[in-house]
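Structural overview
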Amino acid sequence: QKEVEQNSGPLSVPEGAIASLNCTYSDRGSQSFFWYRQYSGKSPELIMSIYSNGDKEDGRFTAQLNKASQYVSLLIRDSQPSDSATYLCAVNIYGQNFVFGPGTRLSVLP
Amino acid sequence: DAGITQSPRYKITETGRQVTLMCHQTWSHSYMFWYRQDLGHGLRLIYYSAAADITDKGEVPDGYVVSRSKTENFPLTLESATRSQTSVYFCASSETGGGIYEQYFGPGTRLTVT
């Protein structure tokens, strides 16, 4: 069973702080990793993709990948109340098949 | 630029009825997917399609049928709906190029089976 694990949260951070979201996966052969944001009642929205070890930055978001530790994280700098959502980690196992984690609910407090 | 659309957005049906959920994308993406999302289970893949007339099962295909006669459409049919199929259904699409596998989701269909 290919697994992707995340803390369900809720993770609460004050406005302006850094939110750190973590994800671990079981399949060492995984090649591609994605972070989706999902607001309540809405569909998942792709915010970051990362394919190689290291950091990838896009605005306030930084994705970090460590394949040796089978770990991928998402940092949100200067968190805003509008960042409050559930964040889904997705791992590409093979071809186009994704496995999604259960999601971490983030709450940014004004 | 509609992207990916789903219809209906909400559907209530009775146990045993046949239901078809529609998905349409305007990007000409090769791949299309159907997921269901339930509390406690997250997003689970039902079926996917690599191209017109090519489909394959995902993690939870039982009770569902798909077809893809045109690249832009990927309908999902529940042949005889059951209460356990009450869920939110998301369609997604992606294009492969240079090893990029990013999937983009439609707005979802909330299905209730009574």
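Look above for the structure.
What you see is a predicted model, and the numbers here were worked out from it, not measured in a lab.

So, the interface of chain A and chain B
A common way to state how big an interface is: give the accessible area lost once the parts meet. Taken together, the 18 residues of chain A in the interface contact 20 residues of chain B. Summed over both sides, the interface of chain A with chain B buries roughly 1,500 Å², with 55% coming from carbon and sulfur. On the surface where chain A and chain B come into contact, there are 4 residue pairs in polar contact (both at pLDDT 80 or more). The set of elements that each furnish at least two residues to the side of chain A that touches chain B consists of strand 4 (32-38), strand 5 (45-50), strand 9 (85-94) and strand 10 (97-100) of chain A.

As for the nonpolar core
One broad trend across soluble globular proteins is that nonpolar side chains are buried collectively. Counting 24 residues, the largest nonpolar core has Trp35, Val72, Leu74, Ile76 and Tyr87 of chain A as the members making the most contacts within it. A total of 5 residues in this core trace back to one element, the largest contributor, which is strand 9 of chain A. Residues contacting isoleucine 76 of chain A, with those up to four places away along its chain left out, are Ala17, Ile18, Ala19, Leu21, Arg60, Phe61, Asp83, Tyr87 and Leu106 of chain A. In this structure, Ile4, Trp34, Leu76 and Ala81 of chain B belong to the second largest nonpolar core, which totals 19 residues.

Remarks on the pattern of salt bridges
Counted by the stated rule, this structure contains 6 salt bridges over all chains. The partner of glutamate 57 of chain A in a salt bridge is arginine 77 of chain A, and the shortest N-O contact between them spans 3.4 Å. One end of the pair, glutamate 57 of chain A, is in strand 6 (residues 54-58); the other, arginine 77 of chain A, is in the loop between strand 8 (71-76) and strand 9, and 20 residues separate them in sequence. Classification of glutamate 57 of chain A by relative accessible area gives exposed; the value is 59%. Residue classification places arginine 77 of chain A among the partly exposed positions, given a relative accessible area of 27%. Between arginine 17 of chain B and glutamate 14 of chain B there is a salt bridge, with its nearest N and O atoms 3.6 Å apart. Members of the salt-bridge network, linked through shared partners, are Arg36, Asp38 and Arg44 of chain B.

Conventions we followed
- Residue positions within a chain follow its written sequence, with the count starting from 1.
- To label them, take the chains in the order written and letter them from A, then take the ligands in the order written and number them from 1.
- Two thresholds apply to this predicted model, a pLDDT of at least 70 for residue-level local features and 80 or more for giving and counting side-chain atom pairs, whereas whole-chain, interface and lining totals are computed over all residues.
- Calculation of side-chain values draws on the structure's entire complement of heavy atoms; hydrogens and water are dropped beforehand.
- Note on contacts: a residue pair qualifies if any of its non-hydrogen atoms lie within 4.5 Å across the two residues.
- Summed over both partners, the accessible area (1.4 Å probe) lost when two parts come together is defined as the buried area.
- The definition of a polar contact used here is a pair of N or O atoms within 3.5 Å, where within protein one atom must be able to donate a hydrogen and the other to accept one, and adjacent residues in sequence count solely through side-chain atom pairs.
- Under the DSSP-based scheme used, a helix requires at least four consecutive residues in state H or I and a strand at least two consecutive residues in state E, with every element numbered from the N terminus.
- Among buried residues, those of type Ala, Val, Leu, Ile, Met, Phe, Trp, Tyr and Cys that are joined through side-chain atoms within 4.5 Å constitute a nonpolar core.
- Residue burial is assigned from relative accessible area. The probe radius is 1.4 Å, only protein chains are included, and a residue is buried under 20% of its type maximum, exposed over 50%, and partly exposed in between.
- When a carboxyl oxygen of Asp or Glu is within 4 Å of a side-chain nitrogen of Lys or Arg, the pair counts as a salt bridge.

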